[in-house]
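# Fold and geometry: a report
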Amino acid sequence: MSWDAAIHGRLIVPANTREAWLDAKLDWHAVPGHEAWDGHVEGETVRDIVEAGDHADDFEFLEVAWAGDEIRVQSFQAKDGFIDTVIGFAAAWAAAAPFGGVGELVGMGMLTSSFGYRLTVKGGRAKFVSVPEREVYELDAHPDAKVIKARAMAAADKLVEAYLATAKKKPTAKKKPTAKKKPTAKKKPTAKKK
């Protein structure tokens, strides 16, 4: 079964520790609460995750942007892309704790699923938790989640419009009339031999 999900997060990393954070090794299994989603991290360092590059297609996207000391990630992906991405960003955010990082990262179901995970970084510590089902609706109310959802819905609408436009352009195949069979001539009765 396939589903869609979003990632959004903001993290402040002081300018004087940014390079050290980017070069830090990723160690997901050292993050308190990692058991909530014991996954595999693609990449050795934080830099491998945050500088891997943005990507987008007609429906999915992953964007990473810096604004001063704040790094922000926004993503909408299908199941496989989300699974490959979310733990890497959670590990990268967690690695910021000893470098004075402060922020949060959320991985959540969107449009076709409902679940949530949250990683918080503050006071030199990071913690990863599964958001209880009864509280997942709060994740939907986050301003970044609303922006991602609106963008995903607009992309879905464009895909539907493109499909409908293509369907209108294609003429429907008309059936060729089938030739009627000529009636077979009846055989003349042969004369009976006496």
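Here is what the cut-offs are and how they apply
Residues numbered from 1 in each chain as written. Predicted model: local features only at pLDDT ≥ 70, side-chain atom pairs only at ≥ 80, totals over all residues. Heavy atoms only, no water. Helix = DSSP H or I, 4+ residues; strand = E, 2+ residues; numbered from the N terminus. Buried < 20%, exposed > 50% of the residue type's maximum accessible area, 1.4 Å probe, protein only. Contact = heavy atoms within 4.5 Å. Core = buried A, V, L, I, M, F, W, Y, C linked by side-chain atoms within 4.5 Å. Pairing = 2+ DSSP bridges. Axes fitted to C-alpha atoms, helices over the stretch in contact; angles between N-to-C directions.

### Re the overall build of the protein chain
Along its length, the protein chain carries 5 helices and 7 strands. Out of the 194 residues belonging to the protein chain, those deemed buried represent 37%.

### Thoughts on the environment of Ala96
Looking at the element boundaries, Ala96 is found in the loop between helix 3 (79-94) and strand 5 (102-109). In sequence terms Ala96 and Ala24 are 72 residues apart; their C-alpha atoms lie 8.5 Å from each other. Ignoring any residue separated from it by four or fewer positions in sequence, one finds Ala96 in contact with Leu11, Val13, Trp21, Gly101 and Val121.

### Quick word on unusual backbone geometry
Outside of glycine, negative phi angles account for most residues, and trans bonds account for most peptide bonds. Although it is not a glycine, Leu111 sits at a positive phi angle of roughly 70°. By secondary structure assignment, the location of Leu111 is in the loop between strand 5 and strand 6 (116-122). Looking at Leu111, the relative accessible area reads 37%, which means it is partly exposed.

### Structural notes on the nonpolar core
Core analysis: the biggest nonpolar cluster contains 39 residues, and Trp21, Trp28, Val46, Val50, Phe89, Trp93 and Leu119 have the highest contact counts within it. Within the residue set of this core, elements represented by two or more residues are strand 1 (4-12), helix 1 (18-22), helix 2 (46-50), strand 3 (61-67), strand 4 (70-78), helix 3, strand 6 and strand 7 (125-130). Among the elements that line this core, the one with the most residues is helix 3, at 9 residues. Not counting the four nearest positions on each side in its chain, Leu119 is found in contact with Trp28, Val31, Ala90, Trp93, Ala94, Gly103, Glu104, Leu105, Lys127 and Phe128. Among the nonpolar cores identified, the runner-up in size contains 12 residues, and Met110, Val136, Ile148 and Ala152 belong to it.

### Observations regarding the sheet that holds strand 5
Taken in spatial order, the 7 strands make up an open sheet running 2-3-4-1-5-6-7, and their pairing is antiparallel. Each having just a single partner strand, strand 2 (55-56) and strand 7 make up the two edges of the open sheet. Bridging between strand 3 and strand 4 involves 7 bridges; their strand directions are antiparallel. Along strand 4, the bridge assignment pairs Ala67 with Glu70. Where helix 3 meets the sheet, its contacts fall on strand 1, strand 3, strand 4, strand 5, strand 6 and strand 7, and the angle it forms with strand 4 comes to roughly 160°.

Bear in mind that shape data such as this cannot, by itself, settle questions of function.
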